[in-house]
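Coordinate analysis (summary)
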Amino acid sequence: MTLITERLTLRPFREDDVEALYAYSKDEAVGLGAGWKPHESLLESSDILHLVFLDQPTVWAVERQSDRCLMGSVGLITDSARQYGSARSLGYALGVDYWGRGYMTEAVRAVVRFGFGYMGLDLISATCYPDNPASRRVLEKCGFAYEGTLHRADLLYNGEIKDHLHFYLPHEKAVKQGWFAEK
């Protein structure tokens, strides 16, 4: 399914996205902020495209409408901390060249509407690292509430251990914020 916003098209990933995926995923700032090793080759990006992005109904390529430039990814995946079917975890990554322009906030809002309105979710969670204030700001702009820190939660490819800041957005809060009519 494709989601359209004012400036973006969120669409399923395609085989021919590998070069654009590599272009933003090779940047160390993107990988470290999202928790994965920067891609070292087109082949590595191709493998990840096939393992993570292709044929995933709730994972989208973030494409700018004006020039059809693929800038990042956004998706709803299983929330491993919540053991019931109507909760999902939000994840996203955006190329450095597109930071600070509101693109990811716009994409996350569309995905949250989809999750609550189309999927019938009752909660969407997200995490970010304490040293990624831009990611935290995206979540806060979208109405997510901080619920706590899981200390020493993630061992990165470079041996660094990082905490996770946990956030959540329940359906009823999204309704109160006027995101859409009550389900």
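Residues numbered from 1 in each chain as written. Predicted model: local features only at pLDDT ≥ 70, side-chain atom pairs only at ≥ 80, totals over all residues. Heavy atoms only, no water.

1. Description of the sheet that holds strand S7 (residues 145-155)
We apply this condition: Two strands qualify as a pair provided DSSP detects at least 2 bridges between them. Numbering of helices and strands starts at the N terminus; helices are DSSP runs of H or I of at least 4 residues and strands are runs of E of at least 2. Contact criterion: two residues are considered in contact whenever any of their non-hydrogen atoms come within 4.5 Å of each other. Axis definition: a line fitted to C-alpha atoms, over the contacting stretch in the case of helices. Angles run 0 to 180 degrees between N-to-C directions.
Taken in spatial order, the 8 strands make up an open sheet running S1-S2-S3-S4-S5-S6-S8-S7, and their pairing is mixed. The sheet is open, and its two borders are formed by strand S1 (3-4) and S7, each paired with just one other strand. As defined by bridge partners, S1 adjoins strand S2 (residues 8-11) across 2 bridges and the pair is classed as antiparallel. Within S2, the position partnered with Leu 3 by the bridge is Leu 10. Along the sheet, helix H1 (residues 18-25) makes contact with strand S4 (69-78) and strand S5 (87-94), crossing S4 at roughly 85°.

2. A closer look at unusual backbone geometry
Phi is positive for Asp 55, close to 60°, though the residue is something other than glycine. By the secondary structure assignment, Asp 55 is in the loop between helix H3 (42-53) and strand S3 (59-64). For Arg 152, which is not glycine, the phi torsion reads 50° and is therefore positive. With respect to the secondary-structure elements, Arg 152 resides in strand S7.

3. Looking at the pattern of salt bridges
We apply this condition: We count a salt bridge whenever a side-chain nitrogen from Lys or Arg sits within 4 Å of a carboxyl oxygen from Asp or Glu. Type-normalised accessible area, obtained with a 1.4 Å probe on protein chains alone, sets the label of each residue: buried when under 20%, exposed when over 50%, and partly exposed for intermediate values.
Per the stated rule, a full pass over the model turns up 13 salt bridges. The salt bridge partner of Glu 40 is Lys 37, with a shortest N-O separation of 3.5 Å. The class for Glu 40 is exposed, based on a relative accessible area of 60%. In this structure, the salt-bridge partner of Asp 131 is Lys 162, at a minimum N-O distance of 2.9 Å. In this pair, Asp 131 is assigned in the loop between strand S6 (123-128) and helix H5 (133-141) and Lys 162 in strand S8 (residues 161-170), connecting sequence segments 31 residues apart. Its relative accessible area of 8% is what places Lys 162 among the buried residues. Where salt bridges share partners, they join Arg 11, Arg 14, Asp 16, Asp 17, Glu 63 and Arg 68 into one cluster.

4. Some points on the pairing of S3
Look at any regular strand and the pattern is simple: side chains alternate between the two faces of the sheet. Counting buried positions over the 6 residues of S3 gives 6, a clear majority of the element. Burial along S3 is two-sided: the residues Val 59, Ala 61 and Glu 63 and Trp 60, Val 62 and Arg 64 are all buried. Examined bridge by bridge, S3 and S4 share 6 bridges and lie antiparallel to one another. For Val 62, the partnering residue across the bridge sits in S4 and is Gly 72.

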